[in-house]
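Reading the structure
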Amino acid sequence: MPESHAPITASELTAARAKYAHERERRVRPDGLGQYRRLASDPAAAPHDPFTERVDRPPLTDHVDALVIGAGLGGLQTAIRLRQAGLERIRLIDDGGDVGGTWYWNRYPGVRCDIESYLYMPMLEEVGYVPRWRYAPGEEIRRHMVALAERFDLYRDAAFHTSATELRWDEDGARWHVGTDRDDAFTATYVVVSSGSLSLAKLPGIEGIESFRGRAFHTSRWDYGYTGGDASGGLVGLADKRVAVVGTGATGIQVMPMVAEHAARTYVFQRTPATVDVRDNRPTDPEWAVSLTPGWQQRRMDNFLAIMAGDPVAEDVVQDSWTANAGLQRKMITGRIDRSVDPAERELAEELLDLATMNRLRDRVAATVRDPETAEALKPYYRYQCKRPGFSDDYLEAFNRPEVTLVDTADTHGITRMTETGIVVGDQEYEVDCVIFATGFETGISGLLSGSLMVHGRGGTSYFESLMSGFRTLHGFYSHGFPNLFQLSLFQNANSVNYSHILSEQARHIGLVVSAARSRGAAYVEPSHDATEAWAQVIEESANDNLDFLRTCTPGYYNSEGQPAEMKISYGPGPVAFHRLLEEWRRTSIDEVLVDQPLRRMS
Ligand code: NDP
């Protein structure tokens, strides 16, 4: 929690700005996003699913009421809401071997939810479950998702290890024709695209990566056959191994202490240090669990959402490192900023608060890591909001182990190259047996927006080509010309650090719209062209413009590796206001998307 520091002086602020700019320059690379390669197409790490065997099956040729693409938190919750709306045949498809999305793939040792599980794990009250830990292990989250899928009978029509490749609207049949990479050719009345925002694993495009002869894998494809153990530890296979952990983001700081506990030697290849704040994880108090009253989860989620968004609340129910630093998240994540304050004044106040927080976090490093050189290299020098904050009570401590070595790669812009036997930084080679890439994921773009999922709407219009004249949706969910097609994302919708909550609201909204369409006998759901134009204007006028700020940030996925694009993303007044707006819209205006005459919108 924040400690009191002496007030920051003008010269301290000037020095911090100069230091941050210098540290940024050390890391910026001209190749930006081009420095990475996609795991799925990488010969160095052939695409495979280490968790579930891929089974041959005949192509699907039937009709379903709804196809939900993506069985992660968004798709699963939407499928449940569609079930509750009365849909009988719901087909969840996913390229993973089961439901879970992020939590299906990310089973690395130490994986945990970094938002309180009581807020993050959806529909706890519906299934009468209280997580066992404040920040739940990934396996607990994954099992909860499996339990939800079972409870709402979503396995019946599901298809795993399956990716949608094409959607084609059939005007006469008022349905979508669906093609997949398994040669399926079925139809669906409704289609929901929920393919996630950080789902495509990436590897650094390091010279020689293919030549490495030891074992190498990405954290989202953990090889327990090699390491032994499971997500809770026991990595006995590493006992005689020299292991490299590449990357020190939210994943790297969770995985590294587990590796360090078991490996003979651990090298941590760091390019930019993460912020590492207090975690304070603990088992759930059983007395607290039984004292919870109906509606507790929604109230807790709403409280957290409001605090993070800067909306007034009577108390801070969660009281963790997120809420303690809530003021620093609003610009980047939740969108809401106080426009009644003079912008320059607001920026300065924010910068001072940011510096105080970063000073506290740098002090935490110095107080924990005994070797001064290692401690200095672990201190983050950038604005708090430039990267997703990290939390751990054992990561920094692990550097005090004699068999753990930090290799700072800032001056070489990351790893220089790989050889058959190890990793080279500058001209020094580190021989290792195993390389674990905690190097993150491509951001934000679903197949719908990238064009990898071909979508042809009314009159054969290509969704991807329609984007050339601008992204036009109503509330982020649906576009004119693409009936009965919904998408979940933060674009033209809302955002929060508890993204699971955002997805819950999106799922609920889609369920309610489909329910209304069914009860009123609408032929399909589609917003008018004018409604999407008007909403695009609302986003343009209200969304935060963080471009200048992002340009000053150290490279990372928030700013497209130092080359941020101009983009107005989410509803400016923030998620609480957005959810209120949706509620009001459902009460007063839902009919505007319920089309009863198929030809009415042909003009
Ligand atoms: P990140 O993109 O945050 O981190 C990737 C890491 O790899 C960075 O430290 C990066 O350094 C480093 N890296 C990349 N290329 C190289 C290179 N060539 N040489 C050396 N280092 C390199 O990915 P994560 O998987 O850590 O996290 C992604 C997101 O997933 C998080 O921000 C969070 O939103 C989510 N997440 C959530 C968790 C949860 O508990 N809910 C847990 C884990 C992740 P640099 O910083 O210099 O680019």
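Scroll up to find the structure this text is about.
In this report, the structure presented in the accompanying data block is examined. Since this is a predicted model, take the numbers as computed values, not measurements. For every chain, the first residue of the written sequence is number 1, and numbering continues from 1 along that sequence. Side-chain atom pairs in this predicted model are given and counted only at pLDDT of 80 or more, local residue features only at pLDDT of at least 70, and totals for whole chains, interfaces and linings cover all residues. The side-chain numbers reported here are obtained from all heavy atoms of the structure, hydrogens and water having been left aside.

Right, let's talk about the sheet that holds strand E15 (residues 422–425) for a bit. At least two DSSP bridges between two strands are required for those strands to pair. Numbering goes from the N terminus for both helices and strands, where a helix is a DSSP run of H or I of at least four residues and a strand is a run of E of at least two. Here we have 3 strands laid out as an open sheet, ordered E14-E15-E16, and antiparallel in their pairing. Either end of the sheet is taken by a strand with one partner, and the two such strands are strand E14 (417–418) and strand E16 (428–431). As judged from the 2 bridges shared by E14 and E15, these two strands associate in the antiparallel manner. Bridge pairing in E15 links Met418 to Ile423.

All right, on to the layout of surface pockets then. The volume enclosed by the second largest pocket comes to roughly 360 Å³. Taken together, 16 residues make up the lining of the second largest pocket; nearest its centre are Gly470, Phe471, Gln492, Met567 and Lys568. Broken down by element, the residue count for the lining of the second largest pocket peaks at 5 residues, all from helix H19 (residues 529–542). Using a 1 Å grid laid over the protein atoms alone, points where a 1.4 Å probe fits but cannot get out form a cavity; open sets with protein on both sides within 12 Å along at least 5 of 7 lines form a pocket; any residue with an atom within 4 Å of a point counts as lining. Grid points are joined across faces, edges and corners, and a volume is the space filled by probe spheres set on the points.

In this section: empty space enclosed by the protein. Scanning all chains against the criterion turns up 4 cavities of 30 Å³ or more. By volume, the largest cavity amounts to about 40 Å³. Residue lining of the largest cavity: Leu13, Ala16, Arg17, Tyr20, Glu351, Asp354, Leu355 and Arg383, and that is the complete set. Breaking the lining of the largest cavity down by element, the ones donating at least two residues are helix H1 (10–27) and helix H13 (343–368). Each residue gets one of three labels, nonpolar for Ala, Val, Leu, Ile, Met, Phe, Trp, Tyr, Cys and Pro, charged for Asp, Glu, Lys and Arg, and polar for the others, Gly among them. Residue composition of the lining of the largest cavity, by class: 4 nonpolar, no polar and 4 charged.

The next thing to look at is the state of the cysteines. Disulfides are defined as cysteine sulfur pairs within 2.5 Å. Per the stated rule, a full pass over the model turns up 1 disulfide. Disulfide pairing is shown between Cys386 and Cys553; the S-S distance is 2.0 Å. Taking the sign of the S-S torsion, -75 degrees for the link of Cys386 and Cys553, the bridge is left-handed. Of the two residues, Cys386 is situated in the loop between helix H14 (372–377) and strand E12 (390–391) and Cys553 in the loop between helix H20 (547–551) and helix H21 (575–588); the sequence distance between them amounts to 167 residues.

Turning our attention to the pattern of salt bridges. Opposite charge on two side chains lets them pair, provided their charged atoms get close. Here a salt bridge means any side-chain nitrogen of Lys or Arg lying within 4 Å of a carboxyl oxygen belonging to Asp or Glu. Within the structure shown, the criterion is met by 41 salt bridges. Arg24 is the partner of Glu25 in a salt bridge, and the nearest nitrogen-oxygen pair spans 3.4 Å. Among the residues examined, Glu25 registers a relative accessible area of 52% and is labelled exposed. A salt bridge links Arg388 to Asp114; its shortest N-O distance comes to 2.7 Å. Exposure classes here rest on a 1.4 Å probe applied to the protein chains alone. A residue is buried below 20% of its type maximum, exposed above 50%, and partly exposed in between.

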